Amino acid sequence: MTQKTFLNRVWYWLTIGILLSLAIVWAMPLLWALVASVRPFSEPMQHGDIWFGSTVTLENFRRAWSLAPFDKYYINTIIVVLMILGVQVVTVTMAGFAFAHYQFFGKKWLFIFVLLQMMIPTTALLAPNFGTIRTLGLFDTRLAIAIPYFGSAFGTFLMRQAFLGVPRDLVDAGIIDGCSWWQLVRHIYLPPSIPSLIAFGISSAAWHWNEFLWPLVVTNSDASRPLTVGLVRFTQLGEIGARWSLLAAATLIVVAPLLLAFLIFQRRFIQSFIHSGIK
Amino acid sequence: MTVKPSAVPNHKRKTLLPYLLILPTFVFVALFTAWPTLLAIYESFFRQRLNIARFREPTFIGLQNYATLFTDDRFHQVVNNTLIYALGTVPVSIVLGFLFALLVNRSLKGIGWARLAFFHPALLPMVSAATVWKFFFTPDYGLFNSTIRFLGYHGAENWTGNPSLALLAIMLVAMWKNSGYYMLFYLAGLQNLPTDVYEAAALDGANGWQTLWRITFPLLRRTTVFISTIAFIDAFRTVDHIFVLTSGGPSRASTVLLYYLWQLRFENQDIGLSAALTVLFVAVLLVFTITNFIVSERAEEN
């Protein structure tokens, strides 16, 4: 028995050790970026000297900001994310409600048609979609980045599921009371479905904050370029080269809001990520 | 008083309302999913290159674009790379995600930080993650190279510039980024497992490994199927890190399907060939998701 508890104890500390080392390895890139970003610009990294410099300074952030208009990129990203979110909340609620509440001719096929968007990722269609953006005259606008996502199969699916979970009796009571379709949505379907809507909203915002390839293709100037595309351009500027402390600062400028939001709303974030795994 | 038609449960009377409610979603899905698919099929039958004057106007060439792709060594290499990328990153990330979930599934002071350490890469934009990894892979003083040198590795150091290591380099970044995300699903699964099964197993004298492989893993099979689906789709559609780390090179060693598609369309300005590749890409994705759907439906029935 004593031998068994001894083995258990060894096993316990062994797993703690593995856990700790793996966690440190996994956190290393971000930790290094944090340290490197406050290293003086005038002290390039070299063999064996890649952590703190002689002092701690914020000049890399200032310098990065002066080399590229990160404030514009920020505004563009925020506008794109809010535009997508604002439209999606309306479209997915409406479509989710229609699919959950009504019986109508062609319902099944319409639903399958909408779900197509979940089976074919929009990114795969970037070549023909680029043509559409050109035809619509939207090239190099923030709307061009956002518009393909205005309808969301995933959001529709999620809201339909949530609405189907609303007790039938409650809905019938609303109908008997003479609620219009809008009042049914507003007072009966939406209140218990808000968690689903928030989960969808968080995952959609995180997803589009991070998107790169589609914005890269449809933007051509700083007036519409979002943070991700701006960062990649920044890394390719001639004068940046191997200025790692500057690159680290630029990277942190881009990731800071999401990380902060995550630290504040951790539980909610994690729930949403699990909720929205299909994305 | 007569009952108004609208008071019939289910709103069964004929009305345009449901169609109007679906209309916005329908229009956007039609415009940016259905239409581009059809357009790509159509364009794939034509030769059209925007940067070559005599090929600027489309000419009908039947299936020649497909023939070009299938007989092209570059395409073979790209398909090969894509398969290695997907079949390498997906299982490794899933196993790591499972391992992380087992390790952090305990109540311990500070365990939240460990979960954060594993999960945070999933939150970062892939381009930011790749920018940091670019430093890691730097020859000579880069952290990754310094570390593996310390561990006794004395091979090539220019990972992103070495044809035999570039693909592995971008795979490492993807594994680092995704495994913490998959951990979340396993963690949720582990916390919902029925405890009585474990009590029974303990009574039967099952040891830790037996419990893990005979009980925990089978009970999480649905989670695993689900994670595999999203992992494979992600492997096909995330190429952002390639832009930052390797630009698909050296000599196409780290070019995967979607990156190649981007090159054909936006560097070579080849409308026809990129359309044909889009069609193949969409077909593969559809076959994959539909097969997966059928398999998981069947798993549900069992």
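None of the values given here were measured: they were computed from a predicted structure. (Residues numbered from 1 in each chain as written. Chains lettered and ligands numbered in written order. Predicted model: local features only at pLDDT ≥ 70, side-chain atom pairs only at ≥ 80, totals over all residues.)

(A) Region of interest: the overall build of chain A. Along its length, chain A carries 13 helices and zero strands. Here the C-alpha atoms of chain A give a radius of gyration of 25 Å, more than 25% beyond the 19 Å that 2.2 N^0.38 yields for 279 residues. Based on the C-alpha atoms only, the size of chain A along its principal axes is roughly 75 × 75 × 30 Å. Of all 279 residues assigned to chain A, the portion counted as buried reaches 42%. Across chain A, every contact between residues at least 6 apart in sequence was considered, and the portion connecting residues at least 24 apart equals 75%. (Helix = DSSP H or I, 4+ residues; strand = E, 2+ residues; numbered from the N terminus. Rg over C-alpha atoms; globule rule 2.2 N^0.38 Å. Buried ≥ 20, exposed ≤ 12 C-beta atoms within 10 Å, placed from the backbone. Contact = placed C-beta atoms within 7 Å.)

(B) Spatial organisation of the overall build of chain B. Each helix and strand in chain B was counted, giving 13 helices and two strands. Rg of the C-alpha trace for chain B: 25 Å, well past the compact-globule value of 19 Å for 302 residues, more than 25% over. On the principal axes, the C-alpha backbone points of chain B span a range of 90 × 75 × 30 Å. For chain B, buried positions account for 42% of its 302 residues.

(C) Summary view of the nonpolar core. Core analysis: the biggest nonpolar cluster contains 158 residues, and A:Ala250, B:Phe118, B:Ile170, B:Met183, B:Leu258 and B:Leu261 have the highest contact counts within it. Each of domain 1 (2-57) and domain 2 (68-236) of chain A gives at least three residues to this core. Aside from chain neighbours lying at most four places away, what touches B:Met183 is B:Gly97, B:Phe100, B:Ala101, B:Phe118 and B:Phe119. (Core = buried A, V, L, I, M, F, W, Y, C linked by C-beta atoms within 7 Å. Domains from an automatic or database assignment.)

(D) Structural detail: the packing of helix 7 (residues 166-191) of chain B against helix 10 (residues 221-237) of chain B. Residue and element names in this part refer to chain B. Running from N to C, helix 7 and helix 10 point in directions that differ by 160°, and their axes come no closer than 10 Å. Compared by their axis directions, helix 7 and helix 10 come out roughly antiparallel. Of the two elements, helix 7 crosses helix 10, and the hand of that crossing is right-handed. Note on element contacts: helix 10 touches helix 7 through Thr223, Phe226, Ile227, Ala231 and Asp234, opposite Asn178, Tyr182, Phe185, Tyr186 and Gly189. (Axes fitted to C-alpha atoms, helices over the stretch in contact; angles between N-to-C directions. Parallel < 35°, antiparallel > 145°, perpendicular 65-115°, else oblique. Left-handed = near helix turned anticlockwise from the far one by under 90°.)

(E) Structural detail: the interface of chain A and chain B. Counting residues at the interface gives 72 residues for chain A and 69 residues for chain B. No other element matches the 10 residues that helix 1 (residues 2-37) of chain A contributes to the side of chain A that touches chain B. Residues belonging to the side of chain A that touches chain B are distributed by class as follows: 51 nonpolar, 20 polar and one charged. (Nonpolar A, V, L, I, M, F, W, Y, C, P; charged D, E, K, R; others polar.)

(F) Main features of the confidence of the model for chain B. All names here are of chain B. Here chain B averages 86 in pLDDT, while 94% of its residues score no lower than 70. Between residues 1-9, whose pLDDT stays under 50, and residues either more than four places distant or in other chains, the model counts seven contacts. For this predicted complex, the interface score ipTM comes out at 0.88, alongside a pTM of 0.89. (pLDDT = per-residue confidence, 0-100.)

(G) Here's a closer look at the environment of B:Phe75. Of note, B:Phe75 is situated in helix 3 (residues 73-104). When the C-alpha positions of B:Phe75 and B:Thr59 are compared, they lie 23 Å apart, and in sequence the two are 16 residues distant.

(H) Summary view of unusual backbone geometry. All names here are of chain B. With phi around 50°, Ser247 is a residue other than glycine that occupies positive phi space. Relative to the elements of secondary structure, Ser247 occurs in the loop between helix 11 (240-245) and helix 12 (257-267). A positive phi is found at Gln269, a non-glycine position, where the angle reads about 55°. In this structure, Gln269 sits in the loop between helix 12 and helix 13 (271-301). Note on Gln269: 15 C-beta atoms within 10 Å, which makes it partly exposed.

(I) The arrangement of the packing of helix 11 (residues 227-235) of chain A against helix 5 (residues 126-136) of chain B in detail. Contact geometry for helix 11 of chain A and helix 5 of chain B: axes closest at 9 Å, N-to-C directions at 25°. The angle between helix 11 of chain A and helix 5 of chain B places the two elements in the roughly parallel class. Relative to helix 5 of chain B, the crossing made by helix 11 of chain A is left-handed. Contacts from A:Thr228, A:Leu231, A:Val232 and A:Thr235 of helix 11 of chain A reach helix 5 of chain B at B:Val127, B:Ser128 and B:Thr131. The class makeup of the residues in the contact of helix 11 of chain A with helix 5 of chain B is three nonpolar, four polar and no charged.

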